[in-house]
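Coordinate inspection notes
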Amino acid sequence: SVLIVLVGRPGSGKGTQGPVIAERLAVPYLSTGDVLRAQVAAGTDLGRRVSALINRGELVPDDLMVAVVAEALGDTGKDDGYVLDGFPRTLAQAQVMERSDSPLGAPDIAVHLALPDTAVHERLVRRAREDGRADDADPAVVDRRLRVYTDETEPLLDHYRRRGILVTVDGDQPPD
């Protein structure tokens with residue numbers, strides 16, 4: 001089994017490429033954004049806790065995200081493989097994930113979908129229009145999400161580069 005994490009700015013193609021990669025490798029695909037949005041839509045306790053954070057473009061706290069991912073994967077985990085989209089988002093999450101007692105396991109490959117800011121904005125405007133994603137519709141929220149990505153998520157690239165598992169792909173091309 002292979003453990004893959006997808007890293008990239010909002011709109012970089014994680015949600016497009018993740019299911020394709022997972023199907024090709026016959027492993028589960030998990031989008032933490034989809035899981036969180038489903039919880040919000042269902043009005044669960046978790047949904048209420050994260051709704052305000054998502055609407056402001058902020059990250060869900062690390063301990064809560066680890067629990068969400070472990071629960072969403074259920075009985076599958078490091079023994080069965082996976083493709084994770086949207087987790088880990090911080091160095092702290094990656095470190096928790098890589099502990100020997102983690103049900104998630106350390107990833108084998110981190111795929112970085114690189115995309116310039118101009119393409120990010122174009123894609124998010126289109127996604128807001130086509131999919132009704134409220135977190136993509138407000139330019140101020142999008143700018144905040146990009147700042148959060150730069151501050152919180154980009155350090156993961158160096159972490160995975162040092163581990164020798166980072167693969168960078170040009171995300172500014174057609175999906176195929």
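To be clear, the structure that these remarks concern was listed above.
In this report, we go over the structure that sits alongside the text. Since the structure is predicted, the reported quantities are computational estimates derived from the model, not experimental observations. (Residues numbered from 1 in each chain as written. Predicted model: local features only at pLDDT ≥ 70, side-chain atom pairs only at ≥ 80, totals over all residues. Heavy atoms only, no water.)

**Focus: helix H1 (residues 14-25)**
The end-to-end C-alpha distance of H1, which contains 12 residues, comes to 16 Å, matching closely the 16 Å that a straight helix rising 1.5 Å per residue would cover. Taken residue by residue, H1 has Lys14, Gly18 and Ala22 as its buried positions. Projected down its long axis, H1 shows its buried positions confined to an angular sector of 50°, all on one face. The exposed residues of H1 that point more than 90 degrees off its buried face are Glu23 and Arg24. On its buried side, H1 packs onto strand E1 (3-8), strand E2 (29-31), strand E3 (82-85) and strand E4 (109-114). Just past H1, the residue alanine 26 takes up positive phi, approximately 55°. (Helix = DSSP H or I, 4+ residues; strand = E, 2+ residues; numbered from the N terminus. Expected span 1.5 Å × (residues − 1). Buried < 20%, exposed > 50% of the residue type's maximum accessible area, 1.4 Å probe, protein only. Arc of directions from axis to C-beta. Contact = heavy atoms within 4.5 Å.)

**Digging into empty space enclosed by the protein**
Inspection of every chain in the model, using the stated rule, returns one cavity of 30 Å³ or more. If you go around the largest cavity, the residues you meet are Leu6, Val7, Gly8, Lys14, Gly86, Phe87, Pro88, Arg89, Tyr149 and Thr153. Looking at the lining of the largest cavity, the elements with two or more residues in it are E1 and helix H8 (139-153). It is E1 that contributes the most residues to the lining of the largest cavity, three residues altogether. In terms of residue class, the lining of the largest cavity is made up of five nonpolar, three polar and two charged. (1 Å grid on protein atoms, 1.4 Å probe; cavity = no way out; pocket = protein on both sides within 12 Å on 5 of 7 lines; lining within 4 Å. Points joined across faces, edges and corners; volume = space filled by probe spheres on them. Nonpolar A, V, L, I, M, F, W, Y, C, P; charged D, E, K, R; others polar.)

**Things to note about the environment of serine 31**
Along the chain, serine 31 falls in strand E2. Beyond its immediate sequence surroundings of up to four residues, serine 31 is in contact with Arg37 and Asp85. Among the polar contacts made by the side chain of serine 31, one reaches the main-chain amide nitrogen of aspartate 34 at a distance of 3.1 Å. (Polar contact = N/O pair within 3.5 Å; in protein donor to acceptor, adjacent residues only side chain to side chain.)

**Digging into the nonpolar core**
Among the nonpolar cores identified, the biggest contains 30 residues, and Leu36, Val69, Leu84, Phe87 and Tyr160 are the most heavily contacted of them. Those elements giving two or more residues to this core turn out to be E1, helix H2 (32-42), helix H3 (45-56), helix H4 (62-73), E3, helix H5 (91-97) and helix H9 (155-163). Among the elements that take part in this core, H4 stands out by supplying six residues, more than any other. If we ignore the near neighbours within four places in the chain, the residues touching leucine 84 are Ile4, Val5, Leu6, Leu30, Val69, Leu73 and Met97. Listed in part, the eight residues of the second largest apolar core include Ile4, Val27, Val83 and Leu113. (Core = buried A, V, L, I, M, F, W, Y, C linked by side-chain atoms within 4.5 Å.)

**Digging into the pattern of salt bridges**
All chains considered together, the criterion is met by seven salt bridges. Linking aspartate 34 and arginine 37 is a salt bridge whose minimum nitrogen-to-oxygen distance equals 2.9 Å. In this pair, aspartate 34 and arginine 37 both sit in helix H2, three residues apart, roughly one turn of the helix. For arginine 37, a relative accessible area of 27% translates into the label partly exposed. Among the salt bridges present, the one from arginine 99 reaches aspartate 101, with a minimum N-O distance of 3.1 Å. (Salt bridge = Lys/Arg side-chain N within 4 Å of Asp/Glu carboxyl O.)

**Points about the side chain of arginine 9**
When you line up the elements, arginine 9 lands in the loop between E1 and H1. Among the polar contacts listed, one links the side chain of arginine 9 to the side chain of aspartate 117, at a separation of 3.3 Å. Those residues in contact with arginine 9 that sit more than four places away from it in its chain are Lys14, Leu113, Leu115, Asp117, Val120, Leu146, Tyr149, Thr150 and Glu154.

**Structural notes on the sheet that holds E2**
One open sheet accounts for five strands, arranged E2-E3-E1-E4-E5; its pairing is parallel. The sheet is open, and its two edges are formed by E2 and strand E5 (166-170), each paired on a single side. Ignoring which end each strand starts from, the neighbouring axes of this sheet average 20° apart. Relative to E3, E1 is paired through four bridges, and the arrangement is parallel. Its bridge partner lying in E3, valine 5 is registered against leucine 84. Sheet strands in contact with H1 are E1, E2, E3 and E4, and its direction is about 165° off that of E1. (Pairing = 2+ DSSP bridges. Axes fitted to C-alpha atoms, helices over the stretch in contact; angles between N-to-C directions.)

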